[in-house]
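Single-letter residue listing:
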Amino acid sequence: MAGIKALISLSFGGAIGLMFLMLGCALPVYDKYWPLFLLFFYILSPIPYCISRRVVDDADSTSNACKELAIFLTTGIVISAFGLPVVFARAEVIAWGACALVLTGNIVIFGTILGFFLVFGSNDDFSWQQW
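Please read these numbers as outputs of a predicted model, since none were measured by experiment. (Residues numbered from 1 in each chain as written. Predicted model: local features only at pLDDT ≥ 70, side-chain atom pairs only at ≥ 80, totals over all residues. Heavy atoms only, no water.)

Observations regarding the overall build of the protein
What the protein contains, in helices and strands, is 5 helices and 0 strands. The order of α-helices and β-strands along the protein, N terminus first, is α-α-α-α-α. For the protein, with 131 residues in total, the buried portion stands at 31%. Sequence-distant contacts in the protein: of pairs separated by 6 or more residues, those separated by 24 or more amount to 63%. (Helix = DSSP H or I, 4+ residues; strand = E, 2+ residues; numbered from the N terminus. Buried < 20%, exposed > 50% of the residue type's maximum accessible area, 1.4 Å probe, protein only. Contact = heavy atoms within 4.5 Å.)

Section: the side chain of S52
Note that S52 resides in helix α3 (residues 47-55). Within the structure, the side chain of S52 is placed 2.9 Å from the backbone oxygen of Y49, a separation counted as a polar contact. (Polar contact = N/O pair within 3.5 Å; in protein donor to acceptor, adjacent residues only side chain to side chain.)

Observations regarding the confidence of the model for the protein
Of all residues in the protein, 86% attain a pLDDT of 70 or more, and the chain-wide mean is 87. By mean pLDDT, the top-scoring element of the protein is helix α2 (residues 38-44) (95), and the lowest-scoring one is α3 (87). (pLDDT = per-residue confidence, 0-100.)

So, the packing of aromatic side chains
Under the criterion given, the structure shown has 7 aromatic pairs. Arranged with centres 5.7 Å apart and planes meeting at 25°, the rings of W34 and F37 form a pair that is stacked. Since its relative accessible area comes to 43%, W34 is described here as partly exposed. Pairing Y49 with F117 gives two aromatic rings, centres 5.5 Å apart and planes at 85°, and the pair type is edge-to-face. Taken together, the residues span a long stretch of sequence, with Y49 in helix α3 and F117 in helix α5 (residues 96-120) at a distance of 68 residues. The class of Y49 is partly exposed, set by a relative accessible area of 22%. Ring pairing ties together the aromatic residues W34, F37, F40 and F88, which thus form one cluster. (Phe/Tyr/Trp six-rings, centres within 6.5 Å; stacked < 30°, edge-to-face > 60°.)

Thoughts on the packing of helix α4 (residues 65-90) against α5
Look at α4 against α5: their axes get within 9 Å of each other, and the N-to-C directions meet at 170°. Considering the angle they form, α4 stands roughly antiparallel to α5. Taking contact as the criterion, the partners of V78, A81, F82, P85, V86, A89 and R90 in α4 are, on α5, W96, C99, V102, L103, N106, I107 and F110. For the contact of α4 with α5, the class distribution of residues is 12 nonpolar, 1 polar and 1 charged. (Axes fitted to C-alpha atoms, helices over the stretch in contact; angles between N-to-C directions. Parallel < 35°, antiparallel > 145°, perpendicular 65-115°, else oblique. Nonpolar A, V, L, I, M, F, W, Y, C, P; charged D, E, K, R; others polar.)

Section: unusual backbone geometry
With a phi close to 50°, D31 is a non-glycine residue in the positive phi region. The phi dihedral of E92 falls on the positive side, at around 60°, and the residue is not glycine. Tracing the sequence through the fold places E92 in the loop between α4 and α5.

Here is the structure:
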(Lines give C-alpha, C1' and ligand atoms only; values in the text may rest on other atoms or scores of the structure.)
Protein backbone atom coordinates (compact mmCIF):
# COMPACT_ATOMS: atom_id res chain seq x y z
CA MET A 1 0.00 0.00 0.00
CA ALA A 2 2.97 2.32 0.55
CA GLY A 3 3.82 2.04 -3.14
CA ILE A 4 0.36 3.23 -4.14
CA LYS A 5 0.53 6.25 -1.82
CA ALA A 6 3.96 7.15 -3.16
CA LEU A 7 2.77 6.81 -6.74
CA ILE A 8 -0.25 9.04 -6.08
CA SER A 9 1.87 11.69 -4.37
CA LEU A 10 4.43 11.61 -7.19
CA SER A 11 1.72 12.04 -9.81
CA PHE A 12 0.31 14.94 -7.81
CA GLY A 13 3.77 16.54 -7.71
CA GLY A 14 4.16 16.10 -11.46
CA ALA A 15 0.78 17.71 -12.07
CA ILE A 16 1.67 20.68 -9.85
CA GLY A 17 5.00 21.14 -11.66
CA LEU A 18 3.35 21.05 -15.08
CA MET A 19 0.76 23.52 -13.81
CA PHE A 20 3.52 25.99 -12.95
CA LEU A 21 5.07 25.47 -16.38
CA MET A 22 1.75 26.08 -18.11
CA LEU A 23 1.05 29.14 -15.97
CA GLY A 24 4.38 30.57 -17.03
CA CYS A 25 3.34 30.08 -20.65
CA ALA A 26 -0.39 30.67 -20.85
CA LEU A 27 -1.21 33.52 -18.49
CA PRO A 28 -2.43 36.50 -20.53
CA VAL A 29 0.30 38.67 -19.03
CA TYR A 30 3.05 36.41 -20.43
CA ASP A 31 1.44 34.69 -23.47
CA LYS A 32 4.67 33.12 -24.80
CA TYR A 33 5.02 29.38 -25.22
CA TRP A 34 8.81 29.13 -25.54
CA PRO A 35 9.22 27.54 -22.08
CA LEU A 36 7.41 24.44 -23.32
CA PHE A 37 10.75 23.35 -24.77
CA LEU A 38 11.54 22.26 -21.22
CA LEU A 39 9.30 19.25 -21.75
CA PHE A 40 12.16 17.74 -23.78
CA PHE A 41 14.46 18.12 -20.78
CA TYR A 42 11.88 16.46 -18.51
CA ILE A 43 11.71 13.50 -20.87
CA LEU A 44 15.48 13.27 -21.42
CA SER A 45 16.63 13.63 -17.81
CA PRO A 46 15.94 10.08 -16.52
CA ILE A 47 17.10 8.30 -19.69
CA PRO A 48 20.89 8.15 -19.01
CA TYR A 49 20.39 6.84 -15.50
CA CYS A 50 17.84 4.25 -16.63
CA ILE A 51 20.21 3.01 -19.32
CA SER A 52 23.10 2.77 -16.88
CA ARG A 53 20.92 0.85 -14.40
CA ARG A 54 20.19 -1.72 -17.09
CA VAL A 55 23.82 -2.04 -18.19
CA VAL A 56 25.64 -1.95 -14.86
CA ASP A 57 25.64 -4.83 -12.42
CA ASP A 58 25.10 -3.52 -8.88
CA ALA A 59 26.88 -6.48 -7.26
CA ASP A 60 30.00 -4.43 -6.58
CA SER A 61 29.75 -1.41 -4.34
CA THR A 62 32.48 0.55 -6.08
CA SER A 63 31.50 3.21 -8.58
CA ASN A 64 32.10 2.66 -12.25
CA ALA A 65 32.49 4.84 -15.31
CA CYS A 66 29.10 4.03 -16.85
CA LYS A 67 27.11 5.09 -13.81
CA GLU A 68 29.20 8.22 -13.29
CA LEU A 69 28.80 9.18 -16.96
CA ALA A 70 25.05 8.75 -16.63
CA ILE A 71 24.97 10.98 -13.54
CA PHE A 72 27.12 13.55 -15.36
CA LEU A 73 24.80 13.60 -18.39
CA THR A 74 21.72 13.81 -16.17
CA THR A 75 23.26 16.73 -14.28
CA GLY A 76 23.99 18.50 -17.56
CA ILE A 77 20.39 18.04 -18.69
CA VAL A 78 18.99 19.32 -15.40
CA ILE A 79 21.29 22.37 -15.34
CA SER A 80 20.33 23.13 -18.94
CA ALA A 81 16.67 22.96 -17.98
CA PHE A 82 17.27 25.53 -15.26
CA GLY A 83 19.40 27.73 -17.52
CA LEU A 84 17.09 27.90 -20.53
CA PRO A 85 14.35 30.02 -18.89
CA VAL A 86 16.97 32.41 -17.53
CA VAL A 87 18.49 32.76 -21.01
CA PHE A 88 15.02 33.37 -22.43
CA ALA A 89 14.34 36.02 -19.80
CA ARG A 90 17.71 37.74 -20.33
CA ALA A 91 17.07 37.84 -24.08
CA GLU A 92 13.61 39.26 -23.33
CA VAL A 93 11.88 36.39 -25.09
CA ILE A 94 9.81 35.74 -21.95
CA ALA A 95 9.07 37.93 -18.95
CA TRP A 96 10.86 37.50 -15.63
CA GLY A 97 7.61 36.51 -13.93
CA ALA A 98 7.19 33.68 -16.43
CA CYS A 99 10.80 32.70 -15.75
CA ALA A 100 10.05 32.49 -12.02
CA LEU A 101 6.99 30.32 -12.63
CA VAL A 102 8.92 28.03 -14.96
CA LEU A 103 11.82 27.70 -12.51
CA THR A 104 9.33 26.82 -9.76
CA GLY A 105 7.87 24.17 -12.04
CA ASN A 106 11.39 22.88 -12.72
CA ILE A 107 12.05 22.46 -9.01
CA VAL A 108 8.82 20.54 -8.53
CA ILE A 109 9.21 18.35 -11.64
CA PHE A 110 12.83 17.42 -11.01
CA GLY A 111 12.02 16.81 -7.35
CA THR A 112 9.28 14.46 -8.51
CA ILE A 113 11.65 12.64 -10.85
CA LEU A 114 14.20 12.32 -8.04
CA GLY A 115 11.48 11.08 -5.69
CA PHE A 116 10.45 8.47 -8.23
CA PHE A 117 13.96 7.05 -8.38
CA LEU A 118 14.34 7.15 -4.61
CA VAL A 119 11.04 5.38 -3.98
CA PHE A 120 11.00 2.89 -6.83
CA GLY A 121 14.74 2.58 -7.49
CA SER A 122 15.46 -0.23 -5.06
CA ASN A 123 15.40 -3.84 -6.19
CA ASP A 124 12.47 -4.99 -4.09
CA ASP A 125 9.26 -6.66 -5.26
CA PHE A 126 7.67 -3.37 -6.41
CA SER A 127 10.22 -1.74 -8.66
CA TRP A 128 10.33 0.67 -11.58
CA GLN A 129 12.17 -2.03 -13.52
CA GLN A 130 8.90 -3.97 -13.82
CA TRP A 131 7.42 -1.22 -15.97
